Amino acid sequence: MAVCGSMRALARAGVQGPCQRLWAVSQQLRLFGVCRRAGSSSGLAAAGAAPPGRAGLACAASAAATDAAPSSSKQKVEYEAVIGIETHVQLNTATKAFCGCASEFGAEPNSNVCPICLGHPGTLPALNAEMVRKAVLAGLALNARVALESKFDRKQYFYPDLPKGYQISQYDVPLCEGGWVEVVVPDSSTATGGSPRRIGVTRAHLEEDAGKLVHGGAASLSGSDYSLADYNRGGVPLLEIVSEPDMRSGAEAAAYGAELRRIMRFLGVSDGNMAEGSMRCDVNISVRPAGRAAFGTKVEIKNMNSFNAMQRAIEFEVARQVELLEAGREGEIVQETRLWDEGRQCTYSMRRKEGLADYRYFPEPDLPPLVLSQAYVDELQASMPELPAAVRQRYASLGLSQYDAVVLSDEPAVARYFDALLAAGAPAKPAANWVQGDVMAHCKEAKLAWEALLGVMAPAALAEMIQLIEDGTISGKIGKEVLPALLAGEGGAGGGSVRALVEARGLVQISDPAALGAIVDSVLAANPKQLEQYRGGKTKLQGFFVGAVMKESKGRANPAELNRILMERLNAPQ
């Protein structure tokens, strides 16, 4: 079956993921029926063609595997994916790369433009020093070598979003070269919930962003009635980070992208907001027989706007290429740019890929070489904040799992809040549970930023509540009742305020044996029939009595002490 063929192709390519998910994706793609061209009996549409209505969308669940199924006597070829990523990170400077226009997002179209960023004749660019500072910080965080002398080049191409007809970039002498990023690839089969993986970084270079086209009547140029050009984004500072082709699965690629975003956010050089285009990933994918050194034909998938979509697009594209190879149709895998269709869960061809020669690079004549001093680089190195990997290691040393460490270090503001909890005396694991559970849920539901949370619920107040639970003053259940009051600002700055709040509301846990014994005796006396049944062998009624005591105590009974006293009474000799 074609579905099974798709799943086998993914498995041979080393793509990780539950079988049920792969089966569901394949079934969904079959259901859309986008694999075949109109009037064609072949399975996969040619990779380079996209007939009207996207009838040429390629589908991993095609009939290619059955059309050219290998003989059972022929040895199966194992394939592996080779994946590299080009990540464009917008640097959050106040002004653009080479002019004084604001680089803010969301302004009125074409309101942040000037003759320089529009490329009017006679204008000259002026380098933004803050862009350089943030790019050097990023390069150092990527463990890259920062060049003390680099240069800018003109990258020539013509497209409506590029008013100058060229882009100022860096070609053969980039700002940063070499480097690596350590990522944690999620893996539920391991005790730690993931495994570390080092991904190489080829280079990181500065350039300016292009404008943005808004298509009327369609989400893309194909099928649109008209296109409008907004040049506000044109000239915004970009750092392009090019990885080595070290990734072998969609999960690894998603983990790499997520770690890059964490690093940029912890450095404060970019907000990494993929929905707003502050971070955009172009994924390069090829497939080759396992063990072969030579790469296969590279296909690029552009502008991934989420790491989840990136992982699914890679898994799909790997399966597509493997099936073409297995069907003896490797000639249909061409160097091209493809896009990801989120609705249909498919990639489709956009255009044949330009080679480097097409860009006709030459040195930018209006900008001198970028020269840095070693003292400048050393100063920035000394100013580096704690990065996500170091934060995870610190949290792991406190006994937290790798999963907890990754979640708590995903956002700088979350890490800062958690660190403030620890500084206020909260034990690590209970604090992690509260932050990842109820507090995160509240922030998400209320659309409350973690920076704003600091002004509502002081970390010291939450730390005090956690301590009250740990010392038995209140139960975890009561803590959940107290938390909304703290989130409303009633906990003050801690320092006894939360204890006073608990006492004022009569929520202090009842732990006194005599008081609990009296409540238990009252409940047993009120339920003689159930007591007789329990002592007759229906021991499951223990839960009934626990519930009755908790109801009688209005949820304030200490659970551990309650169970001890209740069992003594229930099992007492008659």
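Right above here is the structure, for reference.
Please read all numbers here as calculations on a predicted model, not as lab measurements.

(A) Seen up close, the nonpolar core. Counting residues in hydrophobic clusters, the biggest one holds 70 residues, and the most contacted among them are Leu 175, Leu 206, Ile 241, Tyr 256 and Met 310. For this core, the element with the most residues is helix α5 (residues 250–267), which contributes 10 residues. Counting residues in each nonpolar core, the second largest holds 42 residues, with Ile 466, Ile 478, Val 482 and Leu 507 among its members.

(B) A look at unusual backbone geometry. Residues other than glycine seldom take positive phi values, yet Asn 110 does so here, at roughly 60°. Relative accessible area serves as the criterion here: at 34%, Asn 110 is assigned to the partly exposed category. You will see that Asn 143, though not glycine, has its phi angle at about 60°, which is positive. With respect to the helices and strands, Asn 143 occurs in the loop between α4 (129–141) and β2 (145–146). Assessed through its relative accessible area of 37%, Asn 143 is described here as partly exposed.

(C) Structural context of the pairing of strand β12 (residues 279–289). Within β12, 10 of the 11 residues are buried, which leaves it mostly tucked inside the rest of the structure. Sheet topology places strand β1 (residues 79–90) next to β12; 11 bridges connect them, and they run antiparallel. Paired with Ile 83 across the strands is Ile 285, a residue of β12. With 4 bridges joining them, β12 and strand β13 (residues 299–304) adopt antiparallel strand pairing. Opposite Ile 285, over in β13, you have Val 299 as the bridge partner.

(D) The arrangement of the packing of helix α16 (residues 513–526) against helix α18 (residues 542–552) in detail. Between α16 and α18, the shortest axis-to-axis distance is 10 Å and the interhelical angle comes to 120°. What the angle tells us is that α16 and α18 run oblique. Seen from above, α16 lies across α18 with right-handed handedness. For the pair α16 and α18, contact is made by Ile 519, Val 520, Val 523 and Leu 524 and by Phe 545, Ala 548, Val 549 and Glu 552, respectively. Across the contact of α16 with α18, the residue classes tally to 7 nonpolar, no polar and 1 charged.

The rules behind these values
Residues numbered from 1 in each chain as written. Predicted model: local features only at pLDDT ≥ 70, side-chain atom pairs only at ≥ 80, totals over all residues. Heavy atoms only, no water. Core = buried A, V, L, I, M, F, W, Y, C linked by side-chain atoms within 4.5 Å. Buried < 20%, exposed > 50% of the residue type's maximum accessible area, 1.4 Å probe, protein only. Helix = DSSP H or I, 4+ residues; strand = E, 2+ residues; numbered from the N terminus. Pairing = 2+ DSSP bridges. Axes fitted to C-alpha atoms, helices over the stretch in contact; angles between N-to-C directions. Parallel < 35°, antiparallel > 145°, perpendicular 65-115°, else oblique. Left-handed = near helix turned anticlockwise from the far one by under 90°. Contact = heavy atoms within 4.5 Å. Nonpolar A, V, L, I, M, F, W, Y, C, P; charged D, E, K, R; others polar.

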